[in-house]
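Fold and contact review
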Amino acid sequence: MARPPADSTPSRDGPRVNEQINVREVRLIDQDGENVGVVSTDDARQRAVDAGLDLVEISPTSTPPVCKILDFGRYKYELQKRQNEARKKQKIIDVKEIKMRPNIDEHDYNVKMRSIQKFLGEGDKVKVTMRFRGREMAHQELGQRLLERVREEVGDLAKVEASPKMEGRQMIMVIAPR
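For clarity, every value in this text was computed on a predicted model and none was experimentally measured. (Residues numbered from 1 in each chain as written. Predicted model: local features only at pLDDT ≥ 70, side-chain atom pairs only at ≥ 80, totals over all residues. Heavy atoms only, no water.)

Considerations on the domain arrangement of the protein
Applied cut-off: The start and end points of each domain follow an automatic or database-based domain assignment.
Along its sequence, the protein is carved into domain 1 (18-73) and domain 2 (95-177). Placing the centre of domain 1 and that of domain 2 at their C-alpha centroids yields a distance of 60 Å.

Points about the sheet that holds strand β8 (residues 170-177)
Within a beta sheet, neighbouring strands are joined by backbone hydrogen bonds and run either parallel or antiparallel to one another. As a reminder, the rule being used: Any two strands between which DSSP finds at least two bridges are classified as paired. Numbered from the N terminus, helices here are DSSP runs of H or I no shorter than four residues, and strands are runs of E no shorter than two. Comment: axis = line fitted to C-alpha atoms, over the contacting stretch for helices; angle = value between 0 and 180 degrees taken between N-to-C directions. In what follows, residue pairs with any heavy atoms lying within 4.5 Å of each other are defined as contacts.
Across the sheet, four strands lie side by side as β5-β6-β8-β7; this open sheet has mixed pairing. In this open sheet, the two edge strands, each paired with only one partner strand, are β5 (95-100) and β7 (158-167). Strand after strand, the sheet turns through a mean of 20 degrees between neighbouring axes, direction not considered. Relative to β8, β7 runs antiparallel, the two sharing seven bridges. Each residue of the ladder has a partner; that of Val160, found in β8, is Ile175. Here helix α3 (residues 106-121) sits on the sheet in contact with β5, β6 (125-131), β7 and β8, set at roughly 170 degrees to β5.

A short note on the sheet that holds strand β3 (residues 54-59)
An order of β2-β1-β4-β3 is seen for the four strands of this open sheet, with the pairing classed as mixed. On the outer flanks of this sheet lie β2 (35-40) and β3, each paired with one strand and no other. The mean inter-strand angle of the sheet, taken between neighbouring strand axes irrespective of direction, is 35 degrees. The pairing of strand β1 (residues 25-29) with β2 spans five bridges and is antiparallel. Bridge pairing in β2 links Arg27 to Val38.

Some remarks on the packing of aromatic side chains
Here is the rule: When two rings of Phe, Tyr or Trp (its six-membered ring) have centres within 6.5 Å they constitute a pair, described as stacked for plane angles under 30 degrees, edge-to-face for angles over 60, and tilted for the intermediate range. Cation placement over rings: the criterion is NZ of Lys or CZ of Arg within 6 Å of the ring centroid and within 35° of the ring normal.
Within this structure, the stated rule accounts for one aromatic pair. A cation over an aromatic ring shows up here: Arg149 above the ring of Tyr109, its NZ or CZ 3.9 Å from the ring centre.

Below, the structure is given as structure tokens:
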């Protein structure tokens, strides 16, 4: 197994800082947020050292690159806090499955409908599976009617994402919250 050369630097993520900035001139923003203008990189580094802070490349793609004088440790900390907040706010959508048979009893149907409504209320998608066994395969229209009934009863809560379709011995419909 080949080993990388010892002098190769590991790839780093995040902005370039201080000595890593290797362009001739930069557009500088000082520690107070004031736009200083285009200055040489050495001058910008010296200003950062005088302020006791770091020179951080904010926008490397612009011409010339935009650099800001700030405390890099604090910058990384605040960036990490923002990412954690964004991660907290995102909702992972699960797909819950409800299995039925075409000759389901009324009470069992009501129990399944309560589960479907609970799942949709929590923001999850619901996959309703209608299973056919034996002679039930000859009466697929019963399953189709039952899935249509489900669709009508959750019409205000959800929209049908995948219409009922046969897959082998089962008919599947996917509904998602509005």
